[in-house]
Structure formats: structure tokens, C-alpha cells
Amino acid sequence: MRLRDEKKKDILNKGKILHIATDEKWVSKAYSIFELAFKEWNEVIILSENDTLKYVGEIPNTILKQSEINASKLNEIFHDVQVVVLHSIDIAFYKIKFPNHVKVIWVGFGFDYYDFIYKNDDELLLPITKTLRYKTSKKNTFNEITKSIRNGRLNSKLKGRLTKKEYIKTIDYFVPVLSSEYEILKKNYDGKLPQLEDWNYGTLEDDYTIEAVNNERNNILLGNSATYTNNHMEILDIIKDVNIAEHSKIICPLSYGDIEYAQYIKKHGCDLFGNKFEPLMDFLTKVHYINVLSSCTVAIFNHIRQQAMGNIIIMLYLGAKVYVRRENPAYTFFIKKGIKVFLVEDITNEKIIINDLSALDIDNNKMLLESMYSQNVMLEKTKSMISNVLS
């Protein structure tokens, strides 16, 4: 143990690891595994205009407001820091300038780099959802503009700030959600990307499983959030024409995202399926949420882009039959890993939506997921990434 601790000190002999993020749930997962790898060498700064945080869990953190960011404050922050981990890229980060001695890692969430892969958000929406979005966005023009700025499309006009591409030039390493997305991004990005690193949020033991699961497994999980990119409208219309087991319910998480859109999907789902449609409108604890998911034996994710990876991993590990779209990079990713997933497009050919995976398929999926997302694997990935960055 002493030799391991000395090795950690050797790696981080010039300073700590500073995590910079907005109020997002994934930060706590990152902090846990980083602390396991480098105990008491991690600090967290949350950029927020609020004095209390909604999504960041109970981890040590400092809230930093935009008005507090200046040269003196940045010198104070970075004086004993060797590595900065950016959890996504947000416009709130753009005032932060990194000193030369600091190595910067950008851990992508997906939304923060997909604006370089797709020309506009419409490419991520199927026809009915696209029409719905235009109807609601007319009422919500300000929010649409805010979202565009957040994604970096308009930020070049903001006085005194770097553009998104200029900011990316100050970053040394990039961690996409799926390593295969790096090549997709390279083909679409007009410029030089930071060097690729391999890392992921969460571990099976700490974040994606619980000890006691629901034994009544006959429900269907639909999507992961109240965002248009779930393309709920299309998949609801597909499954209304396919038989669903008599005692099955459609579980639809809508607590995270656009409130107006959530209410619309709730109404549409209830109109189509009555009390078989069960929207999740309130935030649940991790244990409660996974327990609800464990009641589902089938999961359908109708995203065009990579999204809902945490939910997909949970459902696969629980032995569910998981459907994703062919154009979703997650489909190719899992198939190449040998994990059995199915195509949303094939649901129309099925007489009934049931889990017909064999015990062998379920066990194989679990074994492969353990080789990718177990705590031991993620611990080694975390150590390896920091070692690579500082070598």
C-alpha cells in the first residue's frame, strides 16, 4: 500500500487534480473513482450562479460565480493544480484561462461536441418530433437562442470570450463518451482535436447496479429523458401497433429536460395507452430509479445520436432486451464489443414486444460489460489516463 501511495505522489508531484463542472449529476461519479485512484488529490469547482446545487451529489466542492472569475482568482485556483478535468464544455468555462503548467482534459458528455458532427439539431430529430419542436419553439424563442449559445453556435459574438473552437485549442486531451466517436468527430471538425484518451463515467458496482432488484419484470422502458432527441413520438406510434404483454407498463423517464415537452409526451402517451403508460415526472434516488428500471425486461432508445449510455448499460446488465437505432454510434459500439443489442427499426416486424434473449446471451452481455465498466477496470483507466497525461 505504501509503495502505491508513493507512486501516486510521484505522478502528482507538482499539484492536484482540479475538476471543473456545472451542476451535473455525473460529477459525483467522477469524483468517487478519482478519489479511489488518487485519494485527497482532487478538488471540485462548480460554476453556478446559484448558492445551492440540484444535481451534484454530496461531494466536497466550491461554487464559483461568473462575477468572481478574474486573473487574481484564477492564480489562486491554479497555483497547486497539475491537471484540470473539464466535465463537458460549457460557455460558463470560457472565461477560465489555463496556465502553461496545467494539463487539461475535456471529458465530453455528447451534447458538447455533437454540434460539430451535425449541422443543426434537426438532424437528430425524426419528422413528427421535428414538427412538434417547431411548434413549441415558436413559443420559446429565448430558450432556443440560449441553447444555441450554450452549444457554441453563437458564442463567437459574445464580447470578451473565446469561441468554442478557440477554447478547444487550449485543451490537451479529449475523452468522448464512445472512443469510436473520436473518428466521427475528426471527419467533421475543421481543426485539430485534442489527443484522445479513454475513460468513462460510472462503475457497475457503484452507479449501475443495486443489491435488491424488482422481481416482477414485465415492463418496457422508453427513452431516458424529456428531450426531443429521444424521438418519443415516433416510437410511441410504432409500439401502439405492436402487441404488449397484458400486465406490462411503458415506463417513460421525463423528469430531466424540457418541462413543456415532458407534459406533451405524458399526455400523448396516456392518450395512446391509458394507465399502461407510466411517465416518471419526479427525480428519483439512484436506488429507487434502478429499482424502477429493473421492472423492465425490454428497453427502447430511439435516439439518432449517442445518448442514454448509463441507462443502456444498466438495462443490458439487468438482462433486458435493448433496442437502439442503426445510425446511433452506440449500436456499432456494442455490436463490435460482442454485446447483443437490437434495432428499433425491427420492432415493426415483431408480433409482440417481449424479452426473448437466451440465458447465454444475457450472461455474455453481463460478462462483457464487467470487462468494460467494473470498478477495477475504471480504477485502472483513471490511473492510466492521469499517468499518460503527465508522462
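Let me begin by describing the structure that accompanies this report. (Residues numbered from 1 in each chain as written. Predicted model: local features only at pLDDT ≥ 70, side-chain atom pairs only at ≥ 80, totals over all residues. Heavy atoms only, no water.)

1. Focus: the overall build of the protein
Here is step 1: A tally of regular secondary structure across the protein gives 16 helices and 15 strands.
Here is step 2: Buried positions account for 52% of the 391 residues belonging to the protein.
Here is step 3: Counting only contacts in the protein whose residues sit at least 6 apart along the sequence, the fraction spanning at least 24 positions is 70%.
Here is step 4: About 19,100 Å² of surface is accessible on the protein, with carbon and sulfur atoms providing 50% of the total. (Helix = DSSP H or I, 4+ residues; strand = E, 2+ residues; numbered from the N terminus. Buried < 20%, exposed > 50% of the residue type's maximum accessible area, 1.4 Å probe, protein only. Contact = heavy atoms within 4.5 Å. Areas by Shrake-Rupley, 256 points an atom, 1.4 Å probe, with all protein chains shown as cover.)

2. A word on the pattern of salt bridges
Here is step 1: Here the structure, examined in full by the defined rule, presents 17 salt bridges.
Here is step 2: A salt bridge links Lys29 to Asp207; the nearest nitrogen and oxygen atoms lie 3.7 Å apart. Of the two residues, Lys29 is situated in helix H2 (residues 26-37) and Asp207 in helix H9 (residues 204-208); the sequence distance between them amounts to 178 residues. Residue Lys29 shares its accessibility class with Asp207, and that shared class is buried.
Here is step 3: Of the charged contacts, one joins Asp271 and Lys267 as a salt bridge, the two residues approaching to 2.9 Å between their closest N and O atoms. Of this pair, Asp271 and Lys267 both sit in helix H11 (residues 259-273), 4 residues apart, which is roughly one turn of that helix. Like Asp271, the residue Lys267 is exposed in the burial classification.
Here is step 4: Here the salt bridges do not stand alone but share partners, grouping Asp121, Asp122 and Arg133 into one network. (Salt bridge = Lys/Arg side-chain N within 4 Å of Asp/Glu carboxyl O.)

3. Describing the nonpolar core
Here is step 1: Counting residues in each nonpolar core, the largest one holds 76 residues, and the members touching the most others are Phe78, Val84 and Met315.
Here is step 2: Per element, the largest residue contribution to this core is 7 residues, and it comes from helix H13 (residues 309-317).
Here is step 3: Leaving out residues up to four positions away in the same chain, Phe78 has contacts with Leu18, Val84, Ile96, Lys97, Phe98, Pro99, His101 and Val102.
Here is step 4: Met233, Ile235, Val344 and Ile347 belong to the second-largest nonpolar core, a separate cluster that totals 26 residues. (Core = buried A, V, L, I, M, F, W, Y, C linked by side-chain atoms within 4.5 Å.)

4. A few points about the packing of aromatic side chains
Here is step 1: Overall, the coordinates contain 20 aromatic pairs when judged by the stated rule.
Here is step 2: Judged by centre distance (5.9 Å) and plane angle (50°), the rings of Phe98 and Tyr167 are tilted. Linking Phe98 in the loop between strand E4 (81-87) and strand E5 (103-107) with Tyr167 in helix H7 (residues 164-168), this pair joins segments that are 69 residues apart in sequence.
Here is step 3: With a centroid separation of 5.4 Å and an interplanar angle of 35°, the aromatic rings of Tyr113 and Tyr114 are classed as tilted.
Here is step 4: On the basis of relative accessible area, Tyr113 is assigned to the buried category, the value being 0%.
Here is step 5: In this arrangement the basic side chain of Lys29 is found over the ring face of Trp26, its NZ or CZ atom lying 5.4 Å from the centre.
Here is step 6: Note that Lys321 overlies the ring of Phe342, its terminal NZ or CZ placed 4.6 Å from the centroid. (Phe/Tyr/Trp six-rings, centres within 6.5 Å; stacked < 30°, edge-to-face > 60°. Lys NZ or Arg CZ within 6 Å of the ring centre and 35° of its normal.)

5. Section: the side chain of Lys164
Here is step 1: Structurally, the position occupied by Lys164 is in helix H7.
Here is step 2: When its relative accessible area of 3% is taken as the criterion, Lys164 is described as buried.
Here is step 3: Here the side chain of Lys164 touches Asp112 through a polar contact of 2.6 Å, landing on its backbone oxygen. (Polar contact = N/O pair within 3.5 Å; in protein donor to acceptor, adjacent residues only side chain to side chain.)

6. Quick notes on the layout of surface pockets
Here is step 1: Of the volumes computed, that of the second largest pocket is approximately 220 Å³.
Here is step 2: Forming the walls of the second largest pocket are 13 residues, and the residues nearest its centre are Glu43, Ile45, Thr62, Glu76 and Ile77.
Here is step 3: Taken together, the elements giving at least two residues each to the lining of the second largest pocket come down to strand E2 (42-47), strand E3 (62-64) and helix H3 (71-78).
Here is step 4: Along the lines of polarity and charge, the residues of the lining of the second largest pocket split into 6 nonpolar, 2 polar and 5 charged. (1 Å grid on protein atoms, 1.4 Å probe; cavity = no way out; pocket = protein on both sides within 12 Å on 5 of 7 lines; lining within 4 Å. Points joined across faces, edges and corners; volume = space filled by probe spheres on them. Nonpolar A, V, L, I, M, F, W, Y, C, P; charged D, E, K, R; others polar.)

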